[in-house]
Amino acid sequence: MRHAVITGAANGIGKALACSLVRAGYAVTGVDVDSKRAADLPPELGVRFVLADLSTDAGIARVHDELGSMDPIDVLVHNAGINAVGRFPLVGLKDQEKVVALNFQAPLMLTARLLEADRIVPGGSLVFVSSLSHYVSYPGAAAYAATKSGLASYARSLSVALAPRDIHVMTVFPGPTRTAHARRYSPDNSREERRMPPETLAEAIRRGIGKRRRLLVPGFGNRTAAVLGTLFPRVVERVMRRTSLGKN
């Protein structure tokens, strides 16, 4: 049975993706810091968890060691992420450091360790969940946007480096998604129903893995925003500034 590992699998996008990959015939290992939400997943899914804080060196080492005793990995999805929102000078430095540690450093370090240990099978896939902010900016969350753009650049280079080993690398750029994470950090949840359901995003990612796509911007609206953000960055940045920070 193919083995998939998903970070941040206890909730939101990661949980939806775990369910999708189980239905597709994968044995799924989740990595998460939230033991309560991990325990809430239906037992019949058979998702096993490694509980660890990936924002710490000890957490990364624990995950690497635990995965070393399991089956080799066919799909590794770097999905775990946190945010720190507000006007940049007012966001605490420690909060920003944790965003960088979890969103950016952890995927790099864990990927490097697993590749060094030859734990990713030939023909396998590495999936990096970036953000639509890579194309449209995110004025209310500069550190978050920086980590997601950094992750996209890393994945782009990694895809070339791993091609001789037949390891597929895909970067995903989700837009607003109907998750507790988005609800927590959004300044306006009045149009939450317009956000993409995590199950829809998870299916798009699963299909992207099957087609061995390198880039995935799921949803027509998100793809339109990505194009506009590329062609007219200043205009889109002004819109994002109003959306994220208001008029002042």
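Refer to the structure above for everything that follows.
Residues numbered from 1 in each chain as written. Predicted model: local features only at pLDDT ≥ 70, side-chain atom pairs only at ≥ 80, totals over all residues. Heavy atoms only, no water.

Trainee: Would you mind showing me how to read the environment of V63 here?
Mentor: In this structure, V63 sits in helix α3 (residues 57-68). The exposure class assigned to V63 is buried, which follows from its relative accessible area of 0%. Residues V63 and V50 lie 13 residues apart in sequence; the distance between their C-alpha atoms is 6.5 Å. Those residues in contact with V63, other than ones at most four positions away along the chain, are V31, V50, A52, L54 and L110. (Helix = DSSP H or I, 4+ residues; strand = E, 2+ residues; numbered from the N terminus. Buried < 20%, exposed > 50% of the residue type's maximum accessible area, 1.4 Å probe, protein only. Contact = heavy atoms within 4.5 Å.)

Trainee: Would you explain the packing of aromatic side chains in this entry?
Mentor: Each pair of aromatic rings is reported with the distance of its centres and the angle of its planes. Evaluated as defined, the whole model comprises three aromatic pairs. The interplanar angle of 85° and the centroid separation of 5.7 Å between the aromatic rings of F128 and Y154 together place this pair among those described as edge-to-face. Of this pair, F128 sits in strand β5 (residues 120-129) while Y154 sits in helix α6 (residues 142-162), placing them 26 residues apart in sequence. According to the relative accessible area criterion, F128 is buried, its value standing at 0%. Of note, R2 hangs over the ring of Y26, and the distance from its end group to the ring centre comes to 4.1 Å. (Phe/Tyr/Trp six-rings, centres within 6.5 Å; stacked < 30°, edge-to-face > 60°. Lys NZ or Arg CZ within 6 Å of the ring centre and 35° of its normal.)

Trainee: Please clarify how unusual backbone geometry should be interpreted in this entry.
Mentor: Excluding glycine, most residues fall at negative phi; most peptide bonds, likewise, are trans. Unusually for a residue other than glycine, D118 sits at a positive phi of about 60°. Here D118 is to be found in the loop between α4 (93-116) and β5. In this structure D118 comes out as exposed when scored by relative accessible area, which is 54%. The phi dihedral of D166 is positive, around 60°, even though this residue is not glycine. Assignment of secondary structure puts D166 in the loop between α6 and β6 (168-172).

Trainee: Before we go on, may I ask you to explain the environment of Q96 in this structure?
Mentor: Structurally, the position occupied by Q96 is in helix α4. A residue is classified by how much of its surface remains accessible, and Q96, at 12% relative accessible area, is buried. As for Q96 and Y144, which are separated by 48 residues in sequence, their C-alpha atoms are 8.0 Å apart.

Trainee: What is the right way to read the layout of surface pockets from this model?
Mentor: Gaps left between atoms show up when a probe the size of a water molecule is rolled over them. Roughly 200 Å³ of internal volume is contained in the second largest pocket. In this structure, the second largest pocket is lined by H134, Y135, A152, S153, A155, R156, S159, V169, T171, F173, R214 and L215. Taken together, the elements giving at least two residues each to the lining of the second largest pocket come down to α5 (133-136), α6 and β6. At five residues, α6 tops the list of elements feeding residues into the lining of the second largest pocket. When its residues are assigned to classes, the lining of the second largest pocket shows six nonpolar, four polar and two charged. (1 Å grid on protein atoms, 1.4 Å probe; cavity = no way out; pocket = protein on both sides within 12 Å on 5 of 7 lines; lining within 4 Å. Points joined across faces, edges and corners; volume = space filled by probe spheres on them. Nonpolar A, V, L, I, M, F, W, Y, C, P; charged D, E, K, R; others polar.)

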